[in-house]
Each structure stands twice: as structure tokens, then as C-alpha cells.
Amino acid sequence: MKLTGAQIIMECLLEQQVDTVFGYPGGAVLNIYDALYEYKDRIRHICTAHEQGASHAADGYARSSGRTGVCIATSGPGATNLVTGIATAYMDSIPMVAITGNVNLNLLGLDSFQEVDITGVTMPVTKHNFIVKKIEYLADTIRQAFRIAQEGRKGPVLVDVPKDITAQMYEFIPATQSLNEEQQAAMQLPISKKPVQLQASKLEYALELIANSKRPFIYAGGGVLAAEASAQLKKLVEKIDAPVACSLMCQGGFDQADDRYMGMLGMHGTKTSAQALKNCDLFLAVGTRFSDRIICNAKSFARHCPVIQIDIDPAEFNKNIDVTLKLCGDANEILSILNARLHQDDHAQWLAQIRQWKQEYPLVQKSIDSQDITPQMLFQTLNELTQSEAILTTDVGQHQMWAAQFYQFRHPRQFITSGGLGTMGFGLGAAMGAKLANPDKKVINITGDGSFHMNCNELSTLAKYQIPIVELVLDNSVLGMVRQWQKLFYEYRFSHTDQDKKTDFVKLGEAFGVKSFDIRSKDDVMPVLKQAFSLNEPVLVACHINRDFNVLPMVPAGASAEEPILEM
Amino acid sequence: MNHQNEEKEYILSVLAQNHTGVLLRISGLFSRRCYNIKSIVAAQTEDVNRSQILIVVQGDDRIVRQVDKQLNKLIEVEQVTVLNDHEAVVREHLLLKVMRSDETSNQLMAIANVFHANVLNVSADDMIVELTGTPSTLNSFIECYKPYHILKSLRTGTMAMEK
């Protein structure tokens, strides 16, 4: 069957069971959009306000569902607008395929209108990228893009397609029908990046280290979610009978209602995690790259005890810290192998100590003024109203850390946040993607006034498509997290962090066609949020909070992860 | 300081798909991750679909292990080998233009003969010689010619092949 390049792209998306794509039309993707018109009953296209929103939406779709997110943009500025979203996905290893248009083949390299070398631009922030210069390679390139995005350590892949390729006609052979040898050979890329088999000696060593440990510490990172390893993690924790800390990326990867959960570890981790780190005699890390936000100081992190690291990417071993034992491969597979061999252990005494620390150092946020709405109070209300079952997306800053600290995440893929890149403006697009992937779940985007101002344009998309998410703005009129650092390290010189913008959030929300509410006093919190959740439409809620709340505990830059400060 | 952390030069032999941009991906990885490239040589192999890229990296053991693993993650890279001096033949090619006069000519020729260098061109004021050898041989050769005023020198970068 002869199809145009644009139709071939549609057929390839359908092969991958893509039901939703996010994007924005433009000159170089006119043919692709014409095909989207033709395929509209099979592929839903959400047209965002800005390409960045589309990339974050594809990311949120992927994080909340485990499937590959897809975004489409035109050449030049359309493509560069995707870059922040692609980089966000890259840093957190999120599977995404970005399709960009480019100028006609004969105009490439001539500084043509809206021409950008997007494969060159995105080389450092994609797992791989392609430019398709021959129609015969188009279908297999798209298939490869999906394979690379999902295989091994996941990540974003960009496919750049010049406009005339999308117009050319070519025989489309569905993936179900085998390609001939010549075609296969032309497209074969050796991806022999399979996880290493677990050596028997390594397995024995791991079992020995675990058996010899009296005070084990289990630490789980985003790899647990990527590998769908939550059930095996739970089993591991129960068998070893050890306390658990989760990274920001792994919130919900372990049920936080479980008694063994200690909270986060690292820069804004709990004092309990820090105490446990200091006193443990084995550090078992699952699906983590030991980012600087966790280890804080590479010279002092877990140097007193053996460290076992499980990760799918061999390049993450001995990169940021040296470890005793490296187990390379899919976290779910490795944990299954370990669990099958582990005997039931009992560390009642160690866990009693952990419980004591938890009582001694609870996460509490004191109000500064008796009238204050504390973020903790806000998240407790959210917990109550949603039975801790909502999907929370966030932007970046203080609100992000409070969400991680105070909302009780019980399931994987419940917390969607930009951990590695720390992208302000991520949340609203991500919430949109998460809601479309999970129509039956409540989705709340937690944002601050700073982040909100970056990409609030996407409220128009929510209104247009009537995507019922709750946009909760924690408005303190300052860039709270940066300001907090200015308090600590810059003698309260609040350079450009006291924003004091004049934005009327309620009026703005209404102007976009989104029902909007204000929370100004403690008494408003419950009724307003209750009303917001009862409406089956997009809602904005602005909650005004004191600008002097800090995110605590905190490990100041360069200090040891064992010694967070509790007050400032 | 333990010997593992000593900085030295390592030769990496990378076999990659012969695609547009593959050299950019490899060199980009080096600059992005702050690894130092001393030299890089890239060419198509006997198989037109493959490129062989030889990279000399300055660093310690740890860095070389990282480079190796990061290179392996590039989709188009098929194989990375860290070559060892005594397990590989190592060669570099030099073109050198040196000032000459009738007085210095014999001395320059004598040095060239000692090193088995070839004279490619002789003009009234200068001559061009070529030499293939190990990087240290080339260094010695250049040292010998220095007093005669070197006008220009070009080195290819290190090539190496496993024995």
C-alpha cells in the first residue's frame, strides 16, 4: 500500500499503540497535520499553547502510564521550544519520542526560513536522534526511535523529518509483515546493550553482605519505577526487614504508609534517614545513579559501610561514588533473583531504633503567624480529600519539596516531578498528560507563583479540551527556594527573589476560561479544595502562604548527608 | 596517591556505524563530560558501513572506565577497546617543513637518515620531510630539527592496532 510519509508516520504511531500525541502545527509539519486530520478518530492530538507544554505533556503522559510519550513540533522555533522538555525527560530517563518537521531536503543547510539543526541541538539531551533523509527509511526509523526510547535505560529520542519526505509516497509495509532481508540490513542498528547477566559470584557476595548486616539501609531510586519493580522492592524490604528511604524520583515506589518507610534521603531528606545512613552497616541502593542531591558530599557518603548498587546503566557505577558491589541490570529482574534466594531476616532492634528517630524527628512545619496556612496543613487536607490516591504533578521549588514531604504517596507513578533537570514550568503540561493517560484518577498540579508564571499559558489548553485537573498555586510572591538559599548563604540579600508580581490569579484563571478560587485563610482550605475536587472541569486554586516558610530539613551545599539542619 | 589515580594517556579504539554525525556524537560526549582528547583519528574501515575511530585520552583509570562505558551507550558505537601499549602497534605520521640552507642541508639529511625519514620536497629555503613512528620517536625527531627552525609541523594523531 502506497502512503505519504506523513501517513506512514501515523501508521507507525498506531503500530506502537499511541492513542494521544501533543503538539503544535507549523509550516514544516503541514503534511503531518493533514494526516492527523485524516487519522483523528484513531489518534487524539492535543494542541498546546506552546511546544514546551507539548513536550512536558508527553513526559507526564509517559511518567504516569509507563508508555512512551509522543510530541510533535514544526521546524526551527517549534523544535527548539521542545528542547527543555526533552532535556527534562532525558535527565529523568523518561521514554519519549519527539517528531519534528524540517525544511525541504534541498533547503537543508542553507539557513532557510525556520531551519534549525535540531539533531545537532538535541544531541546532548537525547538518548539518540535521527534525521530521515530518505522516505524508505522513515517507517523503520520511527520504529527504532520507540525501541531505543524504551530499551535499557529509557530516554527521549528525536526524529527530524524534512517536509518533502512527509509528502513523498512510499510502499508502507506494516511491522507485522516481515521486511525483506535487504530492508532489514539497511536499517539494522546493533543495540546489543542488553543487561548483563548476574554472575553467580556476585549474587553470592550480595547475599553474604545482606546476611552479615545487622543494620541494613535500603534506598530506592527512580529505576524502581522505570522497571516496575515496586512489588519486588516490597518483598525485599519485608525479607531483609530493613528500613527504606526513597529518592524524589521514587516517591510512591514504596508505600509510604508502611512503618519501615523513613522518608526521603539527601538534601531535603528526613533526619531519620540521615541518622539511619550514619548508623547503618550496609547500604543497598536500587535503581539509582547517586545524584549529587542524594550524596551531598561524595567524600563522606556511606564510606563506613559496604554499598551495593543495582542499576541498569553500567556507566552509573563508580561515577559519583565508589561502591562495593555492582549489580547491573533491570531492577525488577535482579530483585526477583535476590528475593528468591534471601531468607527471612529479623531486624526488630534496628527498626525499633528507626521508629524512635521517627518519633524524635517528625516532619513538622511550625506556623510563623497563628493565622498561617502551613504547606503541611495544605497537603494533609489534600491527603484527606483524595485518600492519598491522587496523582500529583509539580513544578520546581519549595512547593515541590513540600509535596514530596507531606503528601503520602502509596503507589508508583503517583508523583510526577522534574527531578534531574529541575524544570520550572514543567507541572501544568505534565498534569495534562497525566490526566489524559489516567482519566479515572484525580490529578493535581502543585505549583508556586514563580513556576506558574513560566508556563501558565497552558491553562488555555485545559479550558479548551476541558481537561479536569486542579491547578493549586502556592503563592508566596517570592521565589522561595532561591530565597531560602539567599537566607542561608547570601545574608538575606534577596536579589530578584521577592517578586511581588501584581497577578490576580483568580482573574487570570477566569480569563483563560478556568474556574478559579482563592484561599486566604485557614478556614478556606477545606471548603475551597472540596469544591474544587467536586467540579469535573479544570480548576485553579490560589492559596496564599507566608513567604518565610523554609524547606527543612536541609543539607547545605558541601555538607554531609548525615547532618541536615533542622532549623534556620 | 595511589597509582590508579595517576594521569596518563590511554588509546581507545572505537568501532562505530559509518553514519553522518557519528564523530560529532563521540567528540560531543567528550566535551560534555569534560574528558580530555589528546588526539583523534577517524576513517572508514574495510567495511564501508563502519568507521574506526582512535582516540587518545588524558586521564586516570577511573576516567577511562567512564569514557569506555559512556561511549558504549552511544547507539551507533559497536565496540570500544582500551588499547595497551604492549598489546598494540602504535604509530603516528608527521609532516614537517624545516628551514634549510646550503650550510645546514647535510646535517638535516643526516638526521633524516638516522630516523629513516623521507624527504618529500626540497626548495631553496626549506624542505619537507615525513616520518612514521611512535609518538616518542616523532618527538625526538622534532627535537633534533628544532635548532634549524621548524616552519610548520603536522601530526596525524595516534593510530593503533591490536596485535
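Here the structure is a predicted model, which is why all the values come from computation and not from measurement. (Residues numbered from 1 in each chain as written. Chains lettered and ligands numbered in written order. Predicted model: local features only at pLDDT ≥ 70, side-chain atom pairs only at ≥ 80, totals over all residues. Heavy atoms only, no water.)

Caption draft 1: Fine view of the packing of aromatic side chains. A complete count under the given rule lists 18 aromatic pairs over all chains for this structure. Measuring from ring centre to ring centre gives 5.4 Å for Trp485(A) and Phe489(A), while their planes differ by 50 degrees; the resulting arrangement is tilted. Separated by 4 residues within a single helix, Trp485(A) and Phe489(A) lie in helix H21 (residues 480–489), roughly one turn from each other. Between Phe30(B) and Tyr35(B), the aromatic rings sit 5.9 Å apart at their centres with planes inclined by 85 degrees, giving edge-to-face as the arrangement. What makes Phe30(B) buried here is its relative accessible area of 1%. Among the aromatic residues, those joined into a cluster by ring pairs are Phe217(A), Tyr219(A), Phe283(A), Phe290(A) and Phe301(A). One Lys or Arg, Lys40(A), reaches over the ring of Tyr37(A) and ends 4.0 Å from the middle of that ring. Taking NZ or CZ as reference, Arg483(A) lies 4.0 Å from the ring centre of Phe494(A), over its face. (Phe/Tyr/Trp six-rings, centres within 6.5 Å; stacked < 30°, edge-to-face > 60°. Helix = DSSP H or I, 4+ residues; strand = E, 2+ residues; numbered from the N terminus. Buried < 20%, exposed > 50% of the residue type's maximum accessible area, 1.4 Å probe, protein only. Lys NZ or Arg CZ within 6 Å of the ring centre and 35° of its normal.)

Caption draft 2: Examining helix H3 (residues 51–65) of chain A more closely. Residues and elements named next belong to chain A. A rise of 1.5 Å per residue sets the reference length of H3, with its 15 residues, at 21 Å; its end C-alpha atoms lie 21 Å apart and thus fit the reference within 8%. Buried residues dominate H3, accounting for 14 of its 15 residues. Positive phi appears at glycine 66, one or two residues downstream of H3, with a value of about 85 degrees. (Expected span 1.5 Å × (residues − 1).)

Caption draft 3: A look at the side chain of Lys271(A). Residue and element names in this part refer to chain A. Residue position: lysine 271 is located in helix H12 (residues 271–279). Notably, lysine 271 is buried but unbridged: the nearest opposite-charge side chain belongs to glutamate 563, and the N-O separation is 4.4 Å. Ignoring any residue separated from it by four or fewer positions in sequence, one finds lysine 271 in contact with Tyr361, Pro553, Glu563, Pro564 and Leu566. (Lys, Arg positive; Asp, Glu negative; His and termini not counted. Salt bridge = Lys/Arg side-chain N within 4 Å of Asp/Glu carboxyl O. Contact = heavy atoms within 4.5 Å.)

Caption draft 4: Structural context of the pairing of strand E1 (residues 8–17) of chain B. All names here are of chain B. E1 sits mainly inside the fold: 8 of its 10 residues count as buried. Both E1 and strand E4 (residues 77–83) contribute to a ladder of 6 bridges, which runs antiparallel. Its bridge partner being in E4, leucine 15 is matched across the sheet by glutamine 79. (Pairing = 2+ DSSP bridges.)

Caption draft 5: Just the packing of helix H1 (residues 22–32) of chain B against helix H2 (residues 61–73) of chain B, in detail. All names here are of chain B. For the pair H1 and H2, interaxial distance at closest approach is 11 Å and the crossing angle is 140 degrees. In terms of their interaxial angle, H1 and H2 are classed as oblique. Here H1 and H2 pass one another in a crossing that is right-handed. In this structure, H1 uses Ile26, Leu29 and Phe30 to contact H2, whose residues at the interface are Val67, Gln70 and Leu71. By residue class, the composition of the contact of H1 with H2 is 5 nonpolar, 1 polar and no charged. (Axes fitted to C-alpha atoms, helices over the stretch in contact; angles between N-to-C directions. Parallel < 35°, antiparallel > 145°, perpendicular 65-115°, else oblique. Left-handed = near helix turned anticlockwise from the far one by under 90°. Nonpolar A, V, L, I, M, F, W, Y, C, P; charged D, E, K, R; others polar.)

Caption draft 6: Local environment of the confidence of the model for chain A. With 96% of its residues at a pLDDT of at least 70, chain A reaches an overall mean of 95. Low pLDDT, under 50, characterises residues 189–193 of chain A; the stretch is placed with 17 contacts to residues that sit more than four places away or in other chains. (pLDDT = per-residue confidence, 0-100.)

Caption draft 7: Quick look at the packing of H3(A) against helix H4 (residues 77–91) of chain A. Residue and element names in this part refer to chain A. Contact pair H3 / H4: the axes reach a minimum separation of 7 Å and the direction vectors enclose 30 degrees. Compared by their axis directions, H3 and H4 come out roughly parallel. Between H3 and H4 lies a crossing whose hand is right-handed. Contact with H3, carried on its side by Glu51, Gln52, Ser55, His56, Asp59 and Arg63, involves Gly78, Asn81, Leu82, Thr84, Gly85, Ile86, Thr88 and Ala89 of H4 and no other residues of that element. A breakdown of the residues in the contact of H3 with H4 according to their chemical character gives 3 nonpolar, 8 polar and 3 charged.

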